[in-house]
Amino acid sequence: MVRLSGRSWARSIPRPGGLRARHPRARSAQEPRQPQQPRSPRQSPQSGQSGRSGQDAPRRGPAWLRPFLTGRSVAGQVFLLQVAIVLLLVVAAAGALVLQVRHDSTTEARNRSLAVAETFANAPGTREALTAPDPTAVLQPRAEAARVRSKVDFVVVMNTDGVRYTHPRPDRIGKKFVGTLGPALAGRPFTEEITGTIGPLVQAVVPVQADDGTVVGLVSAGITTENVGGVGDRQMPLLLTAAGAALVVALAGTALVSRRLLRQTHGLGPFEMTRMYEHHDAVLHAVREGVLIVGGEGRLLLANDEAHRLLDLPEDAEGRHVLELGLDADTAALLSSGRVATDEVHLVGDRLLAINQRPTDLEGGPAGSVATLRDSTELRALSGRAEVAREHLKLLYDAGVGIGTTLDVTRTAQELAEVAVPRFADFATVDLAEAVLEGEEPDAGTSLRRTAFSGIRKDAPLYPVGERIGFIASTPQAHSLGTGEAVVAPDLRQAHGWLAQDQERTARIVEYGIHSLITVPLRAGHLVLGVANFWRSVKADPFDEEELALAEELVARAAVSIDNARRYTREHTMAVTLQRSLLPRTLPAQNALDIGFRYLPAQAGVGGDWFDVLPLSGARVALVVGDVVGHGLHAAATMGRLRTAVHNFSALDLPPDELLGLLDELVGRIDQDEADDESSAAVTGATCLYAVYDPISRQCTVARAGHPPPAVIRPDGGVEFPEVPAGPPLGLGGLPFETAELTLEEGSRLVLYTDGLVENRERDIDVGLELLRTALTGAGRSPEETCRAVLDELLPSKPGDDIALIVAGTRALDPERVAEWEVRPDPAAVGEVRASVTRQLTEWGLEDMEFTTELILSELVTNAIRYGNGPIRVRMLFDLSLICEVFDGSSTSPHLRYAATTDEGGRGLFLVAQLTERWGTRYTPDGKVIWAEQPLP
């Protein structure tokens, strides 16, 4: 309750005009209230005199309009403000209309000029007229007719040099066109805005193209923007009419509001209303604080209930001097002085009061001051609790931001420990089950491994990181693991269950000064992943129940991140295991290439990059590098399917382009089979490069499907990227693949790679290829050394994509190890072949293989003479195995079968298959080759 004094010190305040304001005295509770006399209709509320007619004042206009035209009244200010707003809106609308009309005119001019130019350029006969002997005679009448019908200002036809054939003014025909012609000469229509002799205009230039796409001429049409306008002139009267109506409505509305305002204030002037508002607003908005209003003479004018309670004021305090209220000297002196005070703390009884004081006469108000009182004793305790709560919330916020920044279990546990120290605990440790570190679900048990540690010092005698810990049943950690509940040990010296864990170590911990512990289980659903321990040593107060709740909330947030990291670790391990199982673990034996390779998975997860080395018939070797777009199990599984397919297709000895065609069809079928499965992703986007190297001819046949080109390092150390047709990525279908034939000198190095090596978010592929060229340059390095140099130069710190790299040093088969004979298409020539083979094997030191080799070649040559076409040729290769090859001009392939007992033949290929390690057929542009390999003794 606010107490107002009923004494006679409430005086009238003189007005600036010399009249004394009528302000009712404050009545006592016993004084009867007099009924208010009705005011005469002729009595002016502003005159301050009863019965005076308004006609005595000088006439300055209608009486009802006068309060609105003066800015000194509230009504006048509202009226002027509303008029200003309406005028501003009118000006803004007019401006917007002008801008819109200008924009619409320009747009219409662009569209019309471009349409006219394109129509005339594509009209029948325009292109033929440009090649006529006199284009002007044919095109000038048409251009003028088109200009008149389309209502543009000009239609100009010109040649590709910009010389006009037509113009509305004939004297300008034959002169250069003024404007931009570059885009139109490039085959694209072009519009521009220029200021010409007829004013601002928009002109369009359109090419006239021949059937083969070449530009044979140009057509330009233009129109001035003012010829397109006119909308604004029709809309402006409507806008002005609406503005006038808005002004009339604003005038009438403001007049009604002002008259009502004058009636409700009963004629009080602004000064009286301001004083009443300031006093009552100070009370109403400070009801939770003590409020004192002191007059200029030092007397207390007003004190609310809170001020009475805080200062213990007497009941009759209002109206008395502040020095007579029994206050302490400092407080009374401050209140009586009226000086400015801000949060001055005074001891009043057993309370600490913060006093703020401001004078009331700073802007012409009544003399005196207003003081507010606040009990800082209670606020101090409340602010302390609020500060603690704020720190806790800040800790939880920082934990949400700082924990789980990576999908690494160990790193996430360390982030939890680092967030808690030193703001919550002096030391923090995290112990996790070993299965969690491997990505698996933890087993029930109390054997954990210390995963993270953070502390204000590094010499604490706690278990070190990496040590396996088996907690006994009496420890808080074992209790948390078993029940899933947090445990607080306020005094470790009395925690007998914890002391029994390791008496020597726990004694050193207590001696070190660590005296309190909170253990919280890391729970994720029904799983308990481990425990988090918070230790206190510097702060003397032990952990309490409120801090236990904070620790539970902190650990609960971290447990989700640790479980997510565990799940990611499991999936990543599965994907890596799958991918490693699908990639080649060892390279097959071959003698054509010296191979060095590297495979590096992406840091974020496994991908679909793969490579392979495939021995082929005739001592040839195939190199394969591929990339399946994406990461994860799907990419790894798709990579395995493609690698298996390449293995199967390579057994057919197909050329690289045909093999990629079959692989493209396979990917298309995979996509088609998985199209109805929403959980399956398409394989489209896979790339592949397939190269076949022949060490005898030193020819390398390469084909690629959307894959980066290979690099070749010459024996002198120079690097080049040969031109190999790119081809579409696998799975698009419908487009053929092309091959490139490369002749590689002996000692050259062929480099195949995936795009993760040369392209990432920080550099473009062209920059990566130049860096690769720099890293590869240099002679005399082995493939392994080349791989090392390339990765040192190009490998990013955090690879975002898989990287596969193969460096193959070329070798040539010694001509002394190649024997070749032409065979006459005569059965008697078989004996000659056997004799030649015997001599050659004796020369090579392979006498033990003479019988089987003669038998194999006799059968293969006999089949070629009997069923094939000439010419027939025999070749023997002495490599890692003895290879026999028979060439003929037929495309028919023999088949292995069981001969019946009555058949005279059909057993030759069966004998060949039994006596050789491998045999098969491959086709050439001139026929086929039947080959057989025998292991060397």
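Since this is a predicted model, take the numbers as computed values, not measurements.

A. The arrangement of the overall build of the protein in detail. Broken down by element type, the protein carries 23 helices and 31 strands. The buried share of the protein, taken over its 937 residues, is 43%. Intrachain contacts of the protein at a sequence separation of at least 6 include 60% that bridge at least 24 residues. Accessible surface, the protein as shown: approximately 49100 Å² in total, 54% of it carbon and sulfur.

B. Examining helix α13 (residues 476-483) more closely. Listed as buried for α13 are P476, Q477, A478, S480 and L481. Each element contacted by the buried residues of α13 is listed here: β12 (447-455), β14 (487-489), α14 (496-499), β15 (516-524) and β16 (527-536). At the C-terminal side of α13, G484 shows a positive phi close to 75 degrees.

C. Highlighting the sheet that holds β14. With antiparallel pairing, the six strands of this open sheet are ordered in space as β13-β12-β11-β16-β15-β14. Of all strands in the sheet, those bounded by a partner on one side alone are β13 (468-470) and β14. Ignoring strand direction, the axes of neighbouring strands in this sheet form an average angle of 30 degrees. As judged from the three bridges shared by β14 and β15, these two strands associate in the antiparallel manner. Paired with A489 across the bridge in β15 is L517.

D. Highlighting the packing of aromatic side chains. As enumerated under the stated definition, the model contains seven aromatic pairs in all. Plain terms: the ring middles of F427 and F453 are 6.3 Å apart, the flat faces sit at 25 degrees to each other, and that makes the pair stacked. Separated by 26 residues along the polypeptide, F427 in strand β11 (residues 427-432) and F453 in strand β12 bring together distant segments of the chain. F453 sits in the buried class, given a relative accessible area of 17%. Geometrically, the ring pair formed by W844 and F878 is tilted, given 5.4 Å between the ring centres and 35 degrees between the ring planes. Residue W844 is found in helix α21 (residues 829-844), and its partner F878 is found in strand β28 (residues 872-878); the two are separated by 34 residues along the sequence. Both residues of the pair, W844 and F878, count as buried. An aromatic cluster is present here, built from F424, F534 and F543 joined pairwise through their rings. Across the ring face of F878, the terminal group of R817 is positioned such that the distance to the ring centre comes to 4.2 Å.

E. A look at the pairing of strand β24 (residues 740-743). Burial along β24 is one-sided: A740 and L742 are buried, while E741 and T743, pointing the other way, are not. Here strand β21 (residues 699-705) pairs with β24 via four bridges, running antiparallel. Each bridged residue has a counterpart across the sheet, and for V702 the counterpart in β24 is A740.

F. Up close: the nonpolar core. By size, the foremost hydrophobic cluster in this structure holds 52 residues, and its most contacted members are L593, W610, L623, L663, Y690, C700 and L730. Counting residues in each nonpolar core, the second largest holds 45 residues, with A413, V421, L529 and L548 among its members.

G. Seen up close, the pairing of strand β2 (residues 154-158). Judged by how many residues are buried, β2 sits mostly within the fold: five of five residues are covered. With burial as the criterion, each face of β2 is covered, one bearing F154, V156 and M158 and the other bearing V155 and V157. Both β2 and strand β5 (residues 215-224) contribute to a ladder of five bridges, which runs antiparallel. Counterpart to F154 in the pairing with β5 is G222.

H. Highlighting the pattern of salt bridges. Applying the stated criterion to the full structure yields 38 salt bridges. Residues D343 and R374 are paired through a salt bridge, measuring 3.2 Å at the closest nitrogen-oxygen approach. Taken together, the positions of D343 in strand β8 (residues 341-348) and R374 in strand β10 (residues 368-375) put the pair 31 residues apart, joining distant regions of the chain. A relative accessible area of 41% places D343 in the partly exposed class. Residues participating in the shared-partner salt-bridge network are E289, D343 and R374.

I. Representation of the environment of L623 in the model. Turning to its location among the elements, L623 is positioned in strand β19 (residues 621-631). Judged by relative accessible area, which is 2%, L623 ranks as buried. Between the alpha carbons of L623 and V702 there is a distance of 9.3 Å; along the sequence they are 79 residues apart. With near-sequence residues (within four places) excluded, L623 lies in contact with L593, I595, D612, V613, L689, Y690, A691, L750, L752 and A808.

J. Examining the side chain of R450 more closely. Locating R450 in the fold gives a position in strand β12. Within the structure, R450 has its side chain in polar contact with the side chain of D431 (distance 2.7 Å). Beyond its immediate sequence surroundings of up to four residues, R450 is in contact with T429, V430, D431, L462, Y463, P464, V465, G466, E467, I469 and N533.

K. Broad picture of unusual backbone geometry. With an omega dihedral of 0 degrees, the bond running from V421 to P422 counts as a cis peptide bond. Structurally, P422 can be placed in the loop between α11 (409-420) and β11. The backbone phi angle of D343 is positive, close to 50 degrees, even though this residue is not glycine. Phi angles above zero are rare outside glycine, and D653 is one such case at about 55 degrees. Mapped onto the elements of the fold, D653 is located in the loop between α17 (633-650) and α18 (656-673).

L. Spotlight on the packing of helix α16 (residues 545-582) against α17. Two elements in contact, α16 and α17, have axes whose closest approach is 9 Å; the angle formed by their N-to-C orientations is 10 degrees. As judged from the angle between their axes, α16 and α17 are roughly parallel. From α16, M574, A575, L578, Q579 and L582 reach across to α17, where they touch L633, A636, A637, M639, G640 and R643.

M. Inspection of the side chain of Q414 at higher detail. Assignment of secondary structure puts Q414 in helix α11. One polar contact links the side chain of Q414 to the main-chain carbonyl oxygen of F453, over a distance of 3.0 Å.

N. Layout of the confidence of the model for the protein. Taken residue by residue, the protein gives an average pLDDT of 81. The fraction at 70 or more is 83%. Throughout residues 1-61 the model reports pLDDT below 50, and contacts reaching past four residues in sequence, or to other chains, amount to 52 contacts. Below a pLDDT of 50 lies the segment residues 899-905, which in the model reaches seven contacts outside its immediate sequence neighbourhood of four places, other chains included.

O. Structural context of a negative patch on the surface. A contiguous patch of negative charge on the surface is contributed by E485, D541, D544, E545, E546 and E552. As for its position among the elements, D541 is in the loop between β16 and α16.

P. Quick look at the sheet that holds strand β30 (residues 918-924). Ordered in space as β27-β28-β29-β31-β30, the five strands form an open sheet in which the pairing is antiparallel. Where the open sheet ends on each side, the last strands, each with one partner, are β27 (818-823) and β30. Each adjacent strand pair in this sheet contributes to an overall mean axis angle of 15 degrees, direction not counted. Here α21 sits on the sheet in contact with β27, β28 and β29 (881-888), set at roughly 170 degrees to β27. Across the face of the sheet, helix α22 (residues 850-867) comes into contact with β27, β28, β29 and β31 (927-935) while running at roughly 15 degrees to β29.

Q. Here's a closer look at the packing of α11 against α16. At a closest axis distance of 8 Å, the pairing of α11 and α16 adopts a crossing angle of 165 degrees. The angle between α11 and α16 places the two elements in the roughly antiparallel class. Between α11 and α16 the crossing geometry is right-handed. Of the residues in α16, those in contact with V409, T412, A413, L416, V419 and A420 of α11 are L554, A558, S561, I562, A565, R566 and T569. A class-by-class count of the residues in the contact of α11 with α16 yields nine nonpolar, three polar and one charged.

R. Inspection of the environment of K176 at higher detail. Structurally, K176 can be placed in the loop between β2 and α5 (182-185). The class of K176 is exposed, set by a relative accessible area of 52%. K176 sits 14 residues away from G162 along the chain, and the two C-alpha atoms are 5.3 Å apart. Only 2.3 Å separates the side chain of K176 from the backbone oxygen of D161, close enough to count as a polar contact.

Rules behind the numbers
Residues numbered from 1 in each chain as written. Predicted model: local features only at pLDDT ≥ 70, side-chain atom pairs only at ≥ 80, totals over all residues. Heavy atoms only, no water. Helix = DSSP H or I, 4+ residues; strand = E, 2+ residues; numbered from the N terminus. Buried < 20%, exposed > 50% of the residue type's maximum accessible area, 1.4 Å probe, protein only. Contact = heavy atoms within 4.5 Å. Areas by Shrake-Rupley, 256 points an atom, 1.4 Å probe, with all protein chains shown as cover. Pairing = 2+ DSSP bridges. Axes fitted to C-alpha atoms, helices over the stretch in contact; angles between N-to-C directions. Phe/Tyr/Trp six-rings, centres within 6.5 Å; stacked < 30°, edge-to-face > 60°. Lys NZ or Arg CZ within 6 Å of the ring centre and 35° of its normal. Core = buried A, V, L, I, M, F, W, Y, C linked by side-chain atoms within 4.5 Å. Salt bridge = Lys/Arg side-chain N within 4 Å of Asp/Glu carboxyl O. Polar contact = N/O pair within 3.5 Å; in protein donor to acceptor, adjacent residues only side chain to side chain. Parallel < 35°, antiparallel > 145°, perpendicular 65-115°, else oblique. pLDDT = per-residue confidence, 0-100. Patch = residues over 30% accessible without salt bridge, like charges linked within 9 Å, V, L, I, M, F, W, Y side chains within 5 Å. Lys, Arg positive; Asp, Glu negative; His and termini not counted. Charge placed at Lys NZ, Arg CZ, Asp CG, Glu CD. Left-handed = near helix turned anticlockwise from the far one by under 90°. Nonpolar A, V, L, I, M, F, W, Y, C, P; charged D, E, K, R; others polar.

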